[in-house]
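Listed below are the residues making up each chain.
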Amino acid sequence: MSRVLITGGASGLGLALATAMLARGDEVLVGDLAEERPDSVPEGAAYLRLNVRIQQDWDAALADVRERWGGLDLLVNNAGVATGGRIDVEAFADWERVIDINLLGVVRGCQTFVPLLKEQGSGRIVNVASLAGLVHGPAMSSYNAAKAGVVALSETLRFELAPFGIAVNVVCPSFFRTNLHTSLQGKDEEMEKTAARLITKAGASADDIAAKVLRGIEKDRPVILTDRQGYAAYAAKRFARPLYDRAFGKGAQALARRVAR
């Protein structure tokens, strides 16, 4: 049984992870934006308001965990938003928003809880990035950059924290069905329509991804890929770069023709 804190745990992958972890007997604390406990939070999970952009909320989460359990076994930095847009269309404010939530939100979580994990001499941090952190297609520069930062941070901390008994994993799923598209609010409406379609029409559900994440954690995979598309794209980038470049080049050409009409 593990003591688990999940950010963004009231919906999407965070909710699926909370449900799966409760089912296996873990104690789960869900953090999310609502002041009052959302109806979606599963029975058996505790809840607290946690805006990952606000350090005071992180401080309150740490105090809650210390009082509730006296320690923490697993921090899941899952909270995030979707963005999409061409570099000359997407507003700089959208860049600031996605970096602050998707990257700096993870940094704040790690900075807040690493001292506790070091005190214990044990623990695990799981950072939810995206396949976009490994494979960088066109018209997604802000999202790609934020998620690539999460991948880099996670690899850094995996080495840095191992001497203290702390494990670190990063999750890089491709598109799956979730409510992530509801966080889209940028200026590039054409690209956001495409992103919303890819999310809502995806074959895998959040529950499917959560099950694979748990298996990846059990095997302590540094980078947890969750689907064939992700394995294929990442392998192409590493081992068949001309094929990778050709595929994304064609995608960029098709995008340019579509938006020029």
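Scroll up for the structure.
Our subject in this report is the structure included herewith. In this text, all values refer to a predicted model and were calculated from it rather than measured experimentally.

### Topic: the environment of A210
- Tracing the sequence through the fold places A210 in helix α6 (residues 206-218).
- Residue A210 is classed as buried on the basis of its relative accessible area, which comes to 1%.
- For the pair A210 and A16, spaced 194 residues apart in the sequence, the C-alpha separation amounts to 5.9 Å.
- With near-sequence residues (within four places) excluded, A210 lies in contact with L13, A16 and L17.

### What about the side chain of D100?
- Relative to the helices and strands, D100 resides in helix α3 (residues 92-120).
- We classify D100 as buried; its relative accessible area is 16%.
- Excluding anything up to four places from it in sequence, D100 contacts R53, G105 and R108.

### Here's the deal with the nonpolar core
- Ranked by size, the top nonpolar core spans 44 residues in total, and within it L5, L72 and F113 carry the most contacts.
- Residue assignment for this core shows that the elements contributing at least two residues are β3 (46-49), α2 (55-68), α3, α4 (141-161) and β6 (166-172).
- Tallying contributions element by element places α3 first for this core, with nine residues.
- Apart from the residues lying within four places of it in its own chain, the contact partners of L72 are R3, V4, L5, V65, F113, L116, L117 and Q120.
- V4, I6, L17 and A45 belong to the second largest nonpolar core, which has 26 residues in total.

### As for the packing of α3 against α4
- With their axes 8 Å apart at the nearest point, α3 and α4 run at an angle of 15 degrees to one another. Between α3 and α4, the angle falls in the class roughly parallel. Classified by chirality, the crossing of α4 by α3 is right-handed. For the pair formed by α3 and α4, the contact residues are W95, V98, I99, N102, L103, V106, V107, C110, V114 and K118 on the first element and S141, S142, Y143, A145, A146, K147, G149, V150, L153, L157 and L161 on the second.

### Quick notes on the pairing of strand β2 (residues 27-32)
- Of all six residues that make up β2, five are buried, and the element is covered over most of its length.
- Taken together, the five bridges between strand β1 (residues 3-7) and β2 define a ladder with parallel strand orientation. Considered in β2, the bridge of V4 is made with V28.
- One ladder, built from four bridges, connects β2 with β3; its direction is parallel. In the sheet register, V30 faces β3, and the bridge partner there is Y47.

### Notes on α2
- When the terminal C-alpha atoms of α2 are compared, their 20 Å separation across 14 residues agrees well with the 20 Å that a helix rising 1.5 Å per residue should span.
- Residues of α2 that are buried: D57, W58, A61, L62 and V65. What you see down the axis of α2 is that its buried residues fit within an arc of 145 degrees, all on one side. With respect to the buried face of α2, the exposed residues turned more than 90 degrees away are Q56 and E67.
- Residues of α2 that are buried in the fold lie against β1, β2, β3, β4 (74-77) and α3.

### Let's talk about the packing of aromatic side chains
- The tally for this structure, following the rule as stated, stands at one aromatic pair.
- Measuring from centroid to centroid gives 6.3 Å for W58 and F113, while their planes differ by 75 degrees, and the two rings are edge-to-face. You can see W58 sitting in helix α2 and its partner F113 sitting in helix α3, a full 55 residues away along the chain. Each member of the pair, W58 as well as F113, is classed as buried.
- Over the face of the ring belonging to F164 we find K118, whose NZ or CZ atom lies 4.3 Å from the ring centre.

### Topic: the pattern of salt bridges
- By the definition in use, this model includes eleven salt bridges.
- With a shortest N-O distance of 2.5 Å, D26 and R24 are connected by a salt bridge.
- D26 gets classed as buried once you look at its relative accessible area, which sits at 7%.
- The residue D245 makes a salt bridge to R241 at a minimum N-O spacing of 2.8 Å. Here D245 and its partner R241 are both found in helix α8 (residues 241-260), four residues apart, which amounts to about one turn of the helix.
- In this structure D245 comes out as partly exposed when scored by relative accessible area, which is 40%.
- What makes R241 partly exposed here is its relative accessible area of 41%.
- Through salt bridges with shared partners, one network takes in E35, R49 and D57.

Each value, and the rule that gives it
- Residues numbered from 1 in each chain as written.
- Predicted model: local features only at pLDDT ≥ 70, side-chain atom pairs only at ≥ 80, totals over all residues.
- Heavy atoms only, no water.
- Helix = DSSP H or I, 4+ residues; strand = E, 2+ residues; numbered from the N terminus.
- Buried < 20%, exposed > 50% of the residue type's maximum accessible area, 1.4 Å probe, protein only.
- Contact = heavy atoms within 4.5 Å.
- Core = buried A, V, L, I, M, F, W, Y, C linked by side-chain atoms within 4.5 Å.
- Axes fitted to C-alpha atoms, helices over the stretch in contact; angles between N-to-C directions.
- Parallel < 35°, antiparallel > 145°, perpendicular 65-115°, else oblique.
- Left-handed = near helix turned anticlockwise from the far one by under 90°.
- Pairing = 2+ DSSP bridges.
- Expected span 1.5 Å × (residues − 1).
- Arc of directions from axis to C-beta.
- Phe/Tyr/Trp six-rings, centres within 6.5 Å; stacked < 30°, edge-to-face > 60°.
- Lys NZ or Arg CZ within 6 Å of the ring centre and 35° of its normal.
- Salt bridge = Lys/Arg side-chain N within 4 Å of Asp/Glu carboxyl O.

Coordinates in, geometry out; function isn't part of it.
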